[in-house]
Number of protein chains: 2
Amino acid sequence: MNFEEIIANVELHFLTLTDECRRDLKKVSKIMTLERETLLVKEGQLADKTYFIAKGSARAFYLKDDKDITDWFAFENNFINSINSFFLHIPSPHFIEVLEPSILLEISRENIDLLSDRYQEFDRLGKIAITKTLLQLQQRVVSIQFETAQQKYENILQIRPDITQRVALTHIASYLGITLETLSRIRNPKKRI
Amino acid sequence: MNFEEIIANVELHFLTLTDECRRDLKKVSKIMTLERETLLVKEGQLADKTYFIAKGSARAFYLKDDKDITDWFAFENNFINSINSFFLHIPSPHFIEVLEPSILLEISRENIDLLSDRYQEFDRLGKIAITKTLLQLQQRVVSIQFETAQQKYENILQIRPDITQRVALTHIASYLGITLETLSRIRNPKKRI
DNA sequence: CGCCGAGTTGAACTGAATCAAGAAACGTGG
DNA sequence: CCACGTTTCTTGATTCAGTTCAACTCGGCG
């Protein structure tokens with residue numbers, strides 16, 4: 001997968017860029033091909049990069065009392081970064097891990113800022129990405145707060161039917177805010193007598 | 001409170017505008033002085049306005065099985081709108097209600113879009129507002145998911161110590177995703193024998 | 001093979017919900 | 001300024017969804 005193909009996907013899912021902007025973007029971004037379980041960001045680092053997932057998937061997670069809690073999944077044609085670190089310029093509370101063999105496009109905040117100043121369209125692209133994430137998070141709050149474990153699971157299946165094939169159940173459980181055991185019971189409902 | 005004072009607060013909490021942009025903003029925005037319990041948005045409406053709260057407070061809520069669930073609070077120097085309706089151009093699932101006697105600045109999406117096209121700074125202002133909201137929502141997900149009712153309450157008190165003086169406990173409870181009864185017990189811990 | 005991590009199953013426990021009264025605070029009109 | 005009704009909040013008893021802890025199964029891989 002080359003730069004042009006990847007950018008075509010960015011433009012398809014966000015917005016079209018001018019040739020000039022696209023050319024500058026190419027200069028400052030880097031294609032990465034990664035194994036599963038590669039860590040893109042470690043807790044404590046300044047995570048001033050954003051990644052576009054051209055192929056594969058990744059998750060952001062943190063350790064709470066030594067338990068691994070998944071906070072966010074990202075799949076192909078979406079961006080992922082460590083939002084607190086990226087936007088607030090603080091050490092990352094999150095790890096970011098690639099979940100499958102993946103192809104990513106990496107861009108630094110510095111270059112994002114430069115491109116956003118130079119090209120209003122690029123600034124817009126960022127705004128759209130943030131807005132989409134905001135709306136997803138909003139949905140998630142409602143889901144976490146007022147749905148049963150079962151409904152939350154059905155919900156994520158609806159949004160991403162292939163998730164159970166692509167992501168370990170442990171991660172799905174912690175993302176949903178339920179235990180692995182509960183998730184397992186939901187998936188294998190005991191026969192009532 | 002006049003337009004200039006309100007805009008000074010917007011600029012203080014978000015970013016400084018050029019005189020030209022400020023002048024155009026004045027032309028298209030409207031100051032509203034409202035009683036408590038005024039509805040700014042009703043469920044089902046196209047809510048294509050955004051409000052800056054110069055003074056007072058408001059909440060977004062929805063009805064789930066006839067129960068009133070508060071989804072978001074906004075206080076002075078913040079924006080509020082019905083995010084789903086505003087960004088996706090769909091009928092609002094939310095109501096928005098003013099909680100205290102308030103002074104608001106109202107701007108339509110149409111004008112926001114016009115100003116965002118004309119002034120990169122104004123576009124940025126929007127991006128900053130969205131980003132701040134995103135980070136707050138992110139915090140909220142963590143809080144809802146892994147804190148006890150007690151911790152959630154202490155949490156909100158830390159962020160907004162005066163909330164219990166300004167907002168009905170019922171609304172705080174539903175915002176935290178707990179029942180009014182549980183909130184009451186947390187606030188009045190029974191003496192252990 | 002035999003081990004190891006991932007997932008499953010079982011039983012006991014618990015934090016918060018629900019249901020049901022009651023008390024306080026609030027406001028409005030006599 | 002008091003009486004009454006309404007809304008808001010408190011308290012108690014019971015129930016339940018989901019957690020916890022512990023043991024077991026299964027599939028892959030060295």
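Caption draft 1: Layout of the protein's contact with DNA strand C. Every one of the 17 residues lining DNA strand C counts as a neighbour, but Thr 170, Ser 184 and Arg 185 of chain A together with Ala 149 and Thr 182 of chain B are closest to it. Among all atoms of DNA strand C positioned within 4 Å of the protein, those belonging to sugar or phosphate total 56%. The separation between a phosphate oxygen of DNA strand C and a polar side-chain atom of Thr 179 of chain B is 3.0 Å. Of all the secondary structure elements, the ones that give two or more residues to the surface near DNA strand C are helix 8 (169-176) and helix 9 (180-187) of chain A together with helix 9 (180-187) of chain B.

Caption draft 2: Up close: the sheet that holds strand 8 (residues 102-108) of chain B. All names here are of chain B. Taken in spatial order, the 4 strands make up an open sheet running 1-8-3-6, and their pairing is antiparallel. Each end of this open sheet is capped by a strand with a single partner; those strands are strand 1 (30-34) and strand 6 (78-80). Strand-to-strand twist of the sheet, defined as the mean angle between neighbouring strand axes without regard to direction, takes the value 30°. Bridge count for strand 3 (residues 49-55) against strand 6 is 3 bridges, and the pairing is antiparallel. Residue pairing in the sheet places Phe 52 in a bridge with Phe 79 of strand 6. Of the strands in this sheet, strand 3 and strand 8 are in contact with helix 4 (residues 109-118), which crosses strand 8 at around 65°.

Caption draft 3: Spotlight on the pattern of salt bridges. Under the criterion given, the structure shown has 36 salt bridges over all chains. When the shortest N-O distance is used, the salt bridge between Arg 22 of chain A and Glu 11 of chain A registers 2.5 Å. Of the two residues, Arg 22 of chain A sits in helix 2 (residues 19-28) while Glu 11 of chain A sits in helix 1 (residues 3-13), which places them 11 residues apart along the sequence. Residue classification places Arg 22 of chain A among the partly exposed positions, given a relative accessible area of 24%. Glu 97 of chain B is the salt-bridge partner of Arg 59 of chain B, the closest N and O atoms lying 2.7 Å from each other. Here the residue Arg 59 of chain B occupies a position in strand 4 (residues 57-64), and Glu 97 of chain B occupies one in strand 7 (residues 95-98), the gap between them amounting to 38 residues. Both residues of the pair, Arg 59 of chain B and Glu 97 of chain B, belong to the buried class. Three or more residues joined by partner-sharing salt bridges are found here, namely Glu 76, Glu 100, Arg 160, Asp 162 and Arg 166 of chain A.

Caption draft 4: Spotlight on the protein's contact with DNA strand D. Among the 16 residues in the neighbourhood of DNA strand D, the closest are listed as Ala 149, Thr 182 and Arg 185 of chain A together with Ser 184 and Arg 185 of chain B. The protein-proximal atoms of DNA strand D, defined as those within 4 Å of the protein, are 55% sugar or phosphate. Contact distances for DNA strand D include 3.0 Å between a phosphate oxygen and a side-chain N or O atom of Thr 179 of chain A. Within the side chain of Asn 188 of chain B, one N or O atom sits 3.1 Å away from a phosphate oxygen of DNA strand D. Within the residue set of the surface near DNA strand D, elements represented by two or more residues are helix 9 of chain A together with helix 8 (169-176) and helix 9 of chain B. With 4 residues, helix 9 of chain B is the single largest residue contributor to the surface near DNA strand D. Residues belonging to the surface near DNA strand D are distributed by class as follows: 5 nonpolar, 7 polar and 4 charged.

Caption draft 5: Examining the relation of the copies chain B and chain A more closely. Overlaying chain B with chain A gives an RMSD of 0.0 Å, the required rotation being 180° about an axis along which the chain moves by 0.0 Å. Accordingly, the operation relating the two chain copies is best matched by a two-fold axis. Of the residues that chain B buries at the interface, 100% are likewise interface residues in chain A, meaning the two copies contact each other through the same surface.

Caption draft 6: Structural view of the side chain of Arg 166 of chain A. For Arg 166 of chain A, the position within the fold is in helix 7 (residues 163-166). Within the structure, the side chain of Arg 166 of chain A is placed 3.2 Å from the side chain of Asp 162 of chain A, a separation counted as a polar contact.

Caption draft 7: Quick look at the packing of aromatic side chains. Scanning the entire structure with this criterion turns up 12 aromatic pairs over all chains. Their ring planes at 45° and their centres at 5.0 Å tell us that Phe 73 of chain B and Tyr 175 of chain B sit as a pair that is tilted. With Phe 73 of chain B in strand 5 (residues 67-75) and Tyr 175 of chain B in helix 8, this residue pair connects regions lying 102 residues apart in the sequence. By relative accessible area, which is 14% here, Tyr 175 of chain B ends up buried. Through successive ring pairs, a cluster of aromatic residues spans Phe 14, Phe 52 and Phe 79 of chain A.

Analysis parameters
- Each chain has its residues counted from 1, following the order in which its sequence is written.
- Both sets of labels track the order of writing: A upward for chains, 1 upward for ligands.
- Where local features are concerned, this predicted model is filtered to residues with pLDDT of at least 70; where side-chain atom pairs are given and counted, the filter is 80 or more; whole-chain, interface and lining totals use all residues.
- To get the side-chain values, take all heavy atoms of the structure and skip hydrogens and water.
- One heavy atom within 4 Å of a molecule or strand makes the whole residue count as near it.
- Any pair of N or O atoms that falls within 3.5 Å is considered a polar contact. Within protein, one atom must be able to donate a hydrogen and the other to accept it, and sequence-neighbouring residues count only if both atoms are side-chain atoms.
- Secondary structure is summarised from DSSP: a helix means a run of H or I of at least four residues, a strand means a run of E of at least two, and numbering begins at the N terminus for each.
- Criterion used throughout: strands pair if DSSP finds at least two bridges between them.
- Axis definition: a line fitted to C-alpha atoms, limited for helices to the stretch in contact. Angles are taken between N-to-C directions and run from 0 to 180 degrees.
- The contact criterion used is simple: two residues touch if any of their non-hydrogen atoms lie within 4.5 Å.
- Here a salt bridge means any side-chain nitrogen of Lys or Arg lying within 4 Å of a carboxyl oxygen belonging to Asp or Glu.
- Categorising residues by exposure relies on relative accessible area from a 1.4 Å probe, with only protein chains included: less than 20% of the type maximum marks a residue as buried, more than 50% marks it as exposed, and the intermediate range marks it as partly exposed.
- Three classes are used, and their members are as follows: Ala, Val, Leu, Ile, Met, Phe, Trp, Tyr, Cys and Pro are nonpolar, Asp, Glu, Lys and Arg are charged, and the others, Gly among them, are polar.
- Here the copies were fitted onto each other by least squares, based on C-alpha atoms from residues at pLDDT of at least 70 in both.
- Any pair of Phe, Tyr and Trp rings, taking the six-membered ring for Trp, is counted once the centres come within 6.5 Å. Such a pair is stacked with planes under 30 degrees apart, edge-to-face with planes over 60 apart, and tilted for the rest.

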